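Examining the three-dimensional arrangement
Each chain is listed here by its residues.
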Amino acid sequence: MHQTNQYLTHLLAFFCFIVFAPAQQLPQTEEGAIIIFEQALQDDKNNNHIEATKGFRTAHKAAIKLKNRKLIYRTGFELFLNHGSDGYNTEIDSVSKYLESFESINDYLYVGKAQHYLANLYSDIGDIQSQINLLYESIDAFKQVDNMLGIAMNLQDLSLLHYDQNDFASSRSAINKAIVIFSKYGSQKDLIGGYNNLSIIFEKTGPIDSAIYFQKIALSIAQKGKFYRLVGLLLSNLGNNYSAIGQDKLAEATLLKALKLRDSIQDRHGTAFTNIRLSYFYGKVKQPIEAINYGKKGLAIAKNIPFIKAQRMAHGALSIAYAQLNDPKMELYHFRKEQELIDSLQNIDNARNITRAVMSYEFKTKQLLDSIDNAQEQLQQEYQYNKIITNQKNQRNIFLIGGVAALLMALGLWNRLKFIHKTKAIIEKEKDRSENLLLNILPAEIAEELKANGRAEARDFEMVSILFTDFVQFTQTSEKLSAAELVKEINHCFEAFDYMIEKYSIEKIKTIGDAYMAAGGLPIPTDNSVKNTVLAALEMQNFIIKRKKVMDSVYKPAFEMRVGIHTGPVVAGIVGVKKFQYDIWGDTVNTASRLESSGEVGKVNISEVTYKLLKSDPDLTFQSRGKIEAKGKGEIEMWFVSFKT
């Protein structure tokens with residue numbers, strides 16, 4: 001009902017504007033209508049939406065009178081963008097119809113615009129497959145008319161898409177290219193968006209100071225330009241980062257300021273997000289009542305829009321708040337809802353779809369995108385490539401052309417190169433498929449050595465942390481499940497573990513039944529491999545503990561787990577010739593296995609060697625267990641490790 005009333009209010013306001021706004025004389029020629037339309041676009045770009053709407057309305061009426069289909073569709077679409085509609089279904093339907101109209105007259109500029117807008121709508125409702133397809137289709141359309149800004153806007157959204165899938169390297173690459181374009185061709189508003197996207201990547205990857213730096217630059221530009229929606233967004237993000245570095249008073253004040261601004265301009269998406277940010281903040285500072293208050297507000301707005309990503313965040317914040325109130329029923333409810341939405345937004349299918357789309361499109365777009373930095377150099381590279389695959393006669397002709405003529409020749413060969421690129425892309429795709437299969441079996445460095453030499457030498461490593469997990473009372477639990485249910489549950493847990501070890505850059509070695517084995521510090525030793533292995537183990541235990549709560553709530557069997565870690569020297573190499581695998585050997589491996597079997601459910605058990613390497617770490621806390629008898633090893637000094645609270 002609220003949504004319907006709000007929609008009617010918008011329609012009434014727009015009707016009043018149409019009826020009572022001062023009339024603007026209709027131009028009598030197409031040139032005059034186009035001039036008014038272009039001025040309206042400039043007004044819209046400068047944030048002067050009232051004048052922009054007047055101009056679009058006048059140009060639209062003139063276009064109808066002049067029967068100019070192209071201008072009718074364009075002005076109608078811009079009027080729609082300025083006023084929009086409540087509800088995603090209505091909006092998707094309307095934009096889809098405009099897209100069909102633009103496609104019917106080959107208006108590639110507005111085909112690209114409509115596809116880009118539609119991609120963002122699908123993003124908000126969690127339809128990742130439709131989003132990724134539309135973004136690449138939009139890039140194709142903008143290429144038809146050499147619209148670099150359109151390409152950059154899609155790159156910016158691709159950056160966010162990769163970000164949501166935790167592919168931060170691809171995310172940073174895409175937004176850096178977009179920022180280069182924005183700097184050369186874009187407006188201040190475009191540049192603000194680019195800097196903000198870059199800052200949120202630094203929020204995840206560090207350093208956090210870099211995130212704050214780029215947000216402050218963007219905020220300064222937004223405030224000068226009076227881009228209030230962007231000011232609200234940047235204040236909200238800044239508040240979140242102030243909280244991350246412990247400046248709680250500044251964080252609270254900044255977030256409340258952001259909420260007040262976003263509420264005043266009826267930015268529903270922004271208001272939902274900032275309420276949720278405040279919920280997380282108050283949860284962090286142990287004020288659960290405030291956290292629940294803001295979390296519920298954010299969740300209600302996100303459901304009303306609907307906004308799936310914000311709903312997921314709200315459930316996560318509320319789960320934390322109810323845990324602080326010792327309300328396990330509500331904690332579990334919101335945790336379960338959060339996990340359901342995480343599965344819908346970020347899963348293996350999404351990752352595969354994104355990878356597939358990127359692989360199929362990457363080569364087609366690479367030539368154009370790289371030309372941002374040096375167009376003439378890129379064209380010269382294409383020219384050189386063309387020499388290799390053209391006949392000798394064409395080679396002689398090309399060599400006779402110099403300077404500017406070479407550049408024009410390269411442009412003339414673009415269509416031929418597109419065909420070559422498509423053919424090469426098919427070959428590259430098949431090659432990538434086989435290489436990806438190899439990388440699923442072996443570490444990247446070992447796979448490269450195997451491809452280069454036909455074999456990979458076994459190597460000694462002095463400092464490797466071995467992680468073993470094992471499900472407790474596995475046989476008894478498995479008897480309560482069908483074979484299909486058992487495999488599904490184990491796979492669910494091991495897939496989660498795979499994501500965790502990838503996050504901390506440690507190597508999965510193998511699974512043996514219900515046991516999982518990984519190693520930090522190989523095939524490339526790093527200074528933080530010991531800590532990363534422990535952090536991965538702690539996240540694994542937390543996942544299994546939460547998973548059990550969820551399963552218990554629906555009266556289904558669930559696993560409990562022990563984890564053990566030991567650090568020391570190992571030998572690593574490839575076993576087998578046909579079904580080969582990467583494996584490790586040595587007493588360190590055996591000791592790590594004993595640490596696991598001597599551990600306790602829900603705990604991460606580490607050796608004294610591992611403890612000594614981490615005992616001064618400010619993020620971890622340790623509990624001595626004394627000397628514990630381990631089968632075949634005698635007494636071993638053991639410690640429980642956990643996150644410092």
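Notes on the structure in this doc start here. This one's a predicted model, so the numbers in the text were calculated from it and none came from an experiment.

Here the focus is the overall build of the protein chain. What the protein chain contains, in helices and strands, is 28 helices and eight strands. In the protein chain, which comprises 645 residues, the proportion classed as buried is 47%. Considering only contacts within the protein chain whose residues lie at least 6 apart along the sequence, 64% involve residues at least 24 apart. Of the roughly 32,900 Å² of accessible surface on the protein chain, a fraction of 53% belongs to carbon and sulfur atoms.

Time to look at the packing of aromatic side chains. On inspection of all chains with the given rule, the structure shows 23 aromatic pairs. Centroid distance Phe102 to Tyr110: 5.3 Å. Interplanar angle 45°. Geometry classified as tilted. According to the relative accessible area criterion, Phe102 is buried, its value standing at 0%. Plain terms: the ring middles of Phe497 and Tyr516 are 5.3 Å apart, the flat faces sit at 90° to each other, and that makes the pair edge-to-face. Residue Phe497 is located in helix H25 (residues 483-503), and its partner Tyr516 is located in strand E3 (residues 515-520); the two are separated by 19 residues in the primary sequence. For the pair Phe497 and Tyr516, a shared accessibility class is recorded, and that class is buried. An aromatic cluster is present here, built from Tyr73, Phe77, Phe80, Tyr98, Phe102, Tyr110 and Tyr117 joined pairwise through their rings. Against the face of Tyr294 rests Lys297, its NZ or CZ located 5.3 Å from the ring centre. Above the face of the Phe640 ring, Lys603 is positioned so that its terminal group lies 5.6 Å from the ring centre.

On the surface, Met463, Val609 and Leu613 cluster together into a nonpolar patch covering about 250 Å² of accessible area. Along the chain, Val609 falls in helix H28 (residues 608-614). Its relative accessible area of 39% is what places Val609 among the partly exposed residues.

Looking now at the pattern of salt bridges. Within the structure shown, the criterion is met by 19 salt bridges. A salt bridge links Lys508 to Asp498, with the nearest nitrogen and oxygen atoms 3.2 Å apart. Within this pair, whereas Lys508 is found in strand E2 (residues 507-512), its partner Asp498 is found in helix H25, the two being separated by 10 residues in sequence. Taking relative accessible area as the criterion, Lys508 reaches 32% and is therefore assigned partly exposed. Overall, the relative accessible area of 27% leaves Asp498 in the partly exposed class. A salt bridge links Lys548 to Asp552, with the shortest nitrogen-to-oxygen separation between them at 2.9 Å. Here Lys548 pairs with Asp552, and both are found in helix H26 (residues 529-553), just four residues apart, close to one helical turn.

Inspection of the secondary structure assignment puts Leu219 in helix H11 (residues 208-225). Judged by relative accessible area, which is 10%, Leu219 ranks as buried. Sequence spacing of Leu219 and Ile192 is 27 residues, and the spatial spacing of their C-alpha atoms is 7.6 Å. Dropping the residues within four chain positions of it, Leu219 is found in contact with Val231, Leu234, Leu235 and Leu238.

Right, let's get into the nonpolar core. Within soluble globular proteins, side chains that are nonpolar generally end up buried alongside one another. Core analysis: the largest hydrophobic core is formed by 89 residues, its most contacted members being Val95, Phe102, Leu118, Leu158, Ile192, Tyr195 and Ala222. A per-element tally of this core places helix H7 (residues 128-144) first, with eight residues. With residues up to four places along the chain from it excluded, the contact list for Leu118 reads Ile92, Val95, Ser96, Leu99 and Leu134.

All of the buried residues in helix H27 (residues 587-597) are Thr588, Val589, Thr591, Ala592, Leu595 and Glu596. With its buried residues spanning 165° around the axis, H27 presents them on a single face.

So, about the environment of Gln25. With respect to the secondary-structure elements, Gln25 resides in the loop between helix H1 (2-20) and helix H2 (30-45). For Gln25, a relative accessible area of 70% puts it in the exposed group. Linking Gln25 and Ala62, residues 37 residues apart in sequence, is a C-alpha distance of 9.4 Å.

Okay, the side chain of Asn532 next. Here Asn532 is to be found in helix H26. Judged by relative accessible area, Asn532 falls into the buried class, the value being 13%. In this structure, Asn532 is in contact with Tyr504 and Ile506, ignoring residues within four places of it in sequence.

Where helix H13 (residues 248-264) contacts helix H14 (residues 268-284), the two axes come as close as 9 Å, and the packing angle between them is 160°. With respect to H14, the axis of H13 lies roughly antiparallel. Considering the relative orientation of H13 and H14, their crossing is left-handed. The segment H13 lies against H14, with Asp248, Ala251, Glu252, Leu255, Leu256, Ala258, Leu259, Arg262 and Asp263 engaging Gly270, Thr271, Phe273, Thr274, Asn275, Arg277, Leu278, Phe281, Tyr282 and Lys284. Partitioned by chemical class, the residues of the contact of H13 with H14 number nine nonpolar, four polar and six charged.

Rules used in this analysis
Residues numbered from 1 in each chain as written. Predicted model: local features only at pLDDT ≥ 70, side-chain atom pairs only at ≥ 80, totals over all residues. Heavy atoms only, no water. Helix = DSSP H or I, 4+ residues; strand = E, 2+ residues; numbered from the N terminus. Buried < 20%, exposed > 50% of the residue type's maximum accessible area, 1.4 Å probe, protein only. Contact = heavy atoms within 4.5 Å. Areas by Shrake-Rupley, 256 points an atom, 1.4 Å probe, with all protein chains shown as cover. Phe/Tyr/Trp six-rings, centres within 6.5 Å; stacked < 30°, edge-to-face > 60°. Lys NZ or Arg CZ within 6 Å of the ring centre and 35° of its normal. Patch = residues over 30% accessible without salt bridge, like charges linked within 9 Å, V, L, I, M, F, W, Y side chains within 5 Å. Salt bridge = Lys/Arg side-chain N within 4 Å of Asp/Glu carboxyl O. Core = buried A, V, L, I, M, F, W, Y, C linked by side-chain atoms within 4.5 Å. Arc of directions from axis to C-beta. Axes fitted to C-alpha atoms, helices over the stretch in contact; angles between N-to-C directions. Parallel < 35°, antiparallel > 145°, perpendicular 65-115°, else oblique. Left-handed = near helix turned anticlockwise from the far one by under 90°. Nonpolar A, V, L, I, M, F, W, Y, C, P; charged D, E, K, R; others polar.

In short, geometric facts, not functional conclusions.
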